[in-house]
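Fold and geometry: a report
Chain by chain, the residues run as shown.
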Amino acid sequence: MKLLKKSELRREFLNKRDNISEEERSIYSERIKAKIKNLKEFKEAKSVLLYCPIRKEPDLTSLIWESLASKKLVLLPKVEGQELKLYSITSQEDIKPGAFCIPEPVGGKEFPPHDVELAIVPGVVFDRRGYRIGFGRGYYDRLLQKIVGVKMGVAYSFQVVEELPTDEWDQPVDVLVTESYILKGGKRYEC
Ligand code: ADP
Ligand code: MG
């Protein structure tokens, strides 16, 4: 089968994701969160990049507060020009609506991507190798190439396909967590 173009896949999977109910979203998000919390990559990380969800992305907001409570350094991305810059937050007060109406961190000191131990990223569609298609602006590709820690994608299982078309700048994740399984090093774990 000929591979669909990135733009067609983006449209198809954004549409699928937009169509899940808030109830399903909430149930799946909790399952994804529970799986992340069980992983040694999360337990051992002292610094974690998370995100504020938009549209129907998995809602891991409570993981932000739980990570802070367990003394992890929490970073959130902020759009600055063509880049995603990382800022640490310590409470809800540090998050305000920003570019594209995405809640983002305000103020604080920029944190070097190089020092992030675990980077958790959403996506529109992933493949079994960890490749990812996002909104089409390449923001996470440019960020992920600077991450030396663990790169972890999060998605609902209906957002995972066998193989996506890739460009030379696309950055795969090391681990992919869905509500029903985890993909890591080409293996699938149901736990
Ligand atoms: P997405 O990953 O958001 O789905 P694409 O992979 O299609 O989007 O990338 C969108 C654009 O971002 C591309 O046109 C590409 O030129 C640009 N881009 C991605 N990564 C880089 C990079 N490391 N350096 C420069 N441009 C990049
Ligand atoms: Mg890309």
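Residues numbered from 1 in each chain as written. Chains lettered and ligands numbered in written order. Predicted model: local features only at pLDDT ≥ 70, side-chain atom pairs only at ≥ 80, totals over all residues. Heavy atoms only, no water.

A few words now on helix H4 (residues 61-69). One turn of the α-helix equals 3.6 residues, which is why residues spaced by three or four share an orientation. Taken together, the buried positions of H4 are occupied by Leu-63, Ile-64, Ser-67 and Leu-68. Around the axis of H4, the buried residues are gathered within 135 degrees of arc, so they sit on the same side. Following H4 by one or two positions, Lys-71 adopts a phi angle in the positive range, close to 70 degrees. (Buried < 20%, exposed > 50% of the residue type's maximum accessible area, 1.4 Å probe, protein only. Helix = DSSP H or I, 4+ residues; strand = E, 2+ residues; numbered from the N terminus. Arc of directions from axis to C-beta.)

It is worth spelling out the layout of surface pockets at this point. In this structure, the largest pocket spans a volume of roughly 610 Å³. Lining of the largest pocket is provided by 31 residues; of these, Ile-102, Arg-132, Phe-135, Tyr-139 and Tyr-140 occupy positions nearest its centre. Elements that contribute at least two residues to the lining of the largest pocket include exactly helix H1 (6-18), strand S2 (73-80), strand S5 (103-105), strand S9 (132-133) and helix H5 (139-144). When residues of the lining of the largest pocket are assigned to their parent elements, the largest contribution, four residues, is made by S2. Residues that form the lining of the largest pocket fall into these classes: 17 nonpolar, four polar and 10 charged. (1 Å grid on protein atoms, 1.4 Å probe; cavity = no way out; pocket = protein on both sides within 12 Å on 5 of 7 lines; lining within 4 Å. Points joined across faces, edges and corners; volume = space filled by probe spheres on them. Nonpolar A, V, L, I, M, F, W, Y, C, P; charged D, E, K, R; others polar.)

In this section: the sheet that holds strand S3 (residues 83-89). Through backbone hydrogen bonds, the strands of a sheet pair up, either in parallel or in antiparallel fashion. Taken together, nine strands build an open sheet; the order of strands is S6-S3-S2-S1-S7-S10-S12-S13-S14 and the sheet is mixed. Edge strands, defined here as strands with exactly one partner in the open sheet, are strand S6 (110-111) and strand S14 (187-189). Sheet strands touched by H4: S2, S3 and strand S7 (118-121). Its angle to S2, the strand with the most contacts, is close to 135 degrees. (Pairing = 2+ DSSP bridges. Contact = heavy atoms within 4.5 Å. Axes fitted to C-alpha atoms, helices over the stretch in contact; angles between N-to-C directions.)

Before going further, it helps to examine unusual backbone geometry. Despite not being glycine, Arg-55 shows a phi value in the positive range, around 50 degrees. Locating Arg-55 in the fold gives a position in the loop between strand S1 (47-49) and H4. Exposure remark for Arg-55: the relative accessible area of 47% places this residue in the partly exposed category. Even without a glycine there, the phi angle at Lys-71 is positive, about 70 degrees. Structurally, Lys-71 is set in the loop between H4 and S2.

To continue, consider helix H2 (residues 22-38). Taking 1.5 Å per residue as the helical rise, H2 with its 17 residues ought to reach 24 Å, and the 24 Å between its terminal C-alpha atoms agrees with that figure. When we look at burial in H2, the residues that qualify are Arg-25, Tyr-28, Ser-29, Ile-32, Lys-33, Lys-35 and Ile-36. On an axial view of H2, the arc spanned by its buried residues comes to 160 degrees, and they lie on one face. Across from the buried face of H2, at angles greater than 90 degrees, the exposed residues are Glu-23 and Asn-38. The inward-facing, buried residues of H2 contact helix H3 (40-43), H4, S7, strand S10 (150-154), strand S12 (175-177) and strand S13 (182-184). (Expected span 1.5 Å × (residues − 1).)

Let us now look at the packing of aromatic side chains. Inspection of the entire model under this criterion finds three aromatic pairs. Look at Tyr-28 and Tyr-156: their rings are 5.8 Å apart centre to centre, the planes differ by 50 degrees, and that puts the pair in the tilted class. Note that Tyr-28 is positioned in helix H2 and Tyr-156 in the loop between S10 and strand S11 (160-161), a separation of 128 residues in sequence. Comparing Tyr-28 with Tyr-156, the two get one shared label, buried. On the basis of an interplanar angle of 65 degrees and a centroid distance of 6.5 Å, the ring pair of Phe-100 and Tyr-139 is categorised as edge-to-face. Of the two residues, Phe-100 is situated in the loop between strand S4 (95-97) and S5 and Tyr-139 in helix H5; the sequence distance between them amounts to 39 residues. For Tyr-139, a relative accessible area of 14% gives the class buried. Connected via pairs of aromatic rings, a cluster forms that spans Tyr-28, Tyr-156 and Phe-158. The cationic tip of Arg-142 hangs over the ring face of Tyr-139; the distance from NZ or CZ to the ring centre is 5.4 Å. For the cation-ring pair, Arg-188 lies above Tyr-181, with the distance from its terminal atom to the ring centre recorded as 3.9 Å. (Phe/Tyr/Trp six-rings, centres within 6.5 Å; stacked < 30°, edge-to-face > 60°. Lys NZ or Arg CZ within 6 Å of the ring centre and 35° of its normal.)

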